[in-house]
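Secondary and tertiary structure notes
Residues per chain, in single letters:
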Amino acid sequence: MIRDYQAIQKTWFVKGKQRIIPTFGKHQGLKLIGTLNYETGEVFCIEEERYDAETFLRFLQLVLERYPTGKIVMILDNARIHHAKLIQPFLKEHEDRLELVFLLPYSPQLNLIEGLWKWLKSDVIYNVFYSSVQEIRKNVQAFIQRINQKPEQTIDRLCVQL
């Protein structure tokens, strides 16, 4: 979740010239779901209104469409929706193509997509004032497009540590 009030982060300024970063704090934001292909560096990301089991199921369907051949292994945290009963029949039906691997609790540093979200926030959100969620959305989409144009940089930044 990228929230409109996340703007304020660590910053520096010349002594006596404090940097002022306005916020409007309406508690709005973007809910993003994404994948990072560790081999190609490609990022596939969608925005949804809610993040629940139905949304996750739709996302899994989109992932299979996006990658129509081969085995897909997704590394996930242990969010409740990733284990939901609703998705179990779908997983069973596609077990030859789709495998979900769950990380240990409290280990986001092992999931490289978390590094992508951190990168996105530092490049797009932190210490910048956006007057609307639409403006945030536009800049997030531009970021995703920009990094997908040079996926080798994404691999260098996020995947080399593997």
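In this text the structure is predicted, and so the values were computed from the model without any measurement.

Parameters at a glance
Every chain is numbered on its own, with residues counted from 1 as its sequence reads. With the structure being a predicted model, the display of local features is reserved for residues of pLDDT at least 70 and the display and counting of side-chain atom pairs for 80 or more, all residues being used for whole-chain, interface and lining totals. To obtain the side-chain values, all non-hydrogen atoms of the structure were used and water was disregarded. Angular values range over 0 to 180 degrees, each being the angle between N-to-C directions of two axes fitted as lines to C-alpha atoms, with helices fitted over their stretch in contact. Under the DSSP-based scheme used, a helix requires at least four consecutive residues in state H or I and a strand at least two consecutive residues in state E, with every element numbered from the N terminus. Angular relationships are summarised with four words: roughly parallel below 35 degrees, roughly antiparallel beyond 145, roughly perpendicular across 65 to 115, and oblique for the angles in between. Note on definitions: a residue-residue contact is assigned when non-hydrogen atoms from the two residues lie within 4.5 Å. Charged means Asp, Glu, Lys or Arg here, nonpolar means Ala, Val, Leu, Ile, Met, Phe, Trp, Tyr, Cys or Pro, and polar covers whatever is left, Gly included. Remark: exposure states derive from per-residue accessible area (1.4 Å probe, protein chains only) relative to the maximum for the residue type, with buried under 20%, exposed over 50%, and partly exposed in between. The arc in question is the one spanned by the directions pointing from the helix axis to the C-beta atoms. Criterion for a salt bridge: a side-chain nitrogen of Lys or Arg within 4 Å of a carboxyl oxygen of Asp or Glu. Following DSSP output, two strands are said to pair if at least two bridges run between them. Here a helix's expected span is defined as the number of its residues, less one, multiplied by 1.5 Å. In protein, a polar contact requires one atom able to donate a hydrogen and another able to accept it; more generally it is a pair of N or O atoms within 3.5 Å, and residues adjacent in sequence count only if both atoms are side-chain atoms. By nonpolar core is meant a set of buried Ala, Val, Leu, Ile, Met, Phe, Trp, Tyr and Cys residues that side-chain atoms within 4.5 Å join together.

Considerations on the packing of helix 3 (residues 112–125) against helix 5 (residues 151–159)
Packed helix pairs are characterised by how far apart their axes lie and by the angle those axes make with each other. Direction vectors running N to C along helix 3 and helix 5 enclose 110 degrees, while the axes themselves pass 10 Å from each other. In terms of their interaxial angle, helix 3 and helix 5 are classed as roughly perpendicular. In this structure, helix 3 uses L112, G115, L116 and W119 to contact helix 5, whose residues at the interface are T154, R157, L158 and C159. A class-by-class count of the residues in the contact of helix 3 with helix 5 yields 5 nonpolar, 2 polar and 1 charged.

Focus on helix 5
Residues T154, L158 and C159 constitute the buried set of helix 5. Taken down its axis, helix 5 places every buried residue within 80 degrees of arc, on the same side. Along its buried surface, helix 5 packs onto strand 2 (29–36), strand 3 (43–48), helix 3 and helix 4 (133–149).

Here's the deal with the pattern of salt bridges
All told, the structure shown has 8 salt bridges when counted by the stated rule. For E48, the salt bridge is made with R58, and the minimal N-O distance between the two is 3.4 Å. With E48 in strand 3 and R58 in helix 1 (residues 53–66), this pair connects stretches of sequence that are 10 residues apart. In this structure, E95 and K92 form a salt bridge, with 3.6 Å as the shortest nitrogen-oxygen distance. Each of R50, D52 and E54 takes part in salt bridges that share partners, so that together they form one network.

Observations regarding the pairing of strand 5 (residues 98–102)
Both strand 4 (residues 72–76) and strand 5 contribute to a ladder of 5 bridges, which runs parallel. Of the residues in strand 5, the one forming a bridge with L76 is F102.

Structural notes on helix 1
The periodicity of an α-helix, 3.6 residues per turn, causes residues three or four positions apart to be oriented the same way. Taking 1.5 Å as the rise per residue, helix 1 with 14 residues should run 20 Å; its terminal C-alpha atoms sit 20 Å apart, in good agreement. Looking at helix 1, one finds that the buried residues are A53, T55, F56, L57, F59, L60, V63 and L64. Residues of helix 1 that are buried in the fold lie against strand 2, strand 3, strand 4, helix 2 (88–93) and strand 5. Of the residues that open helix 1, the one with a side-chain oxygen 3.3 Å from the backbone nitrogen of E54 is D52.

A word on the environment of P105
Secondary-structure assignment places P105 in the loop between strand 5 and helix 3. Through-space distance from the C-alpha of P105 to that of N78 is 6.6 Å; in sequence the pair is 27 residues apart.

Section: the side chain of T35
Its location among the elements puts T35 in strand 2. A relative accessible area of 11% means that T35 is categorised as buried. Residues within four places of T35 in sequence aside, it is in contact with E42, V43, F44, F59, V63, Y67, M74 and I113.

What about the nonpolar core?
A general trend in soluble globular proteins is that nonpolar side chains are found buried together. Grouped together as the largest cluster of nonpolar side chains are 21 residues, with contacts concentrated most on L36, L116, V140 and F143. At the level of elements, strand 2, helix 3, helix 4 and helix 5 are the ones that each hand at least two residues to this core. With 19 residues, the next largest nonpolar core counts V63, L64, Y67 and M74 among its residues.

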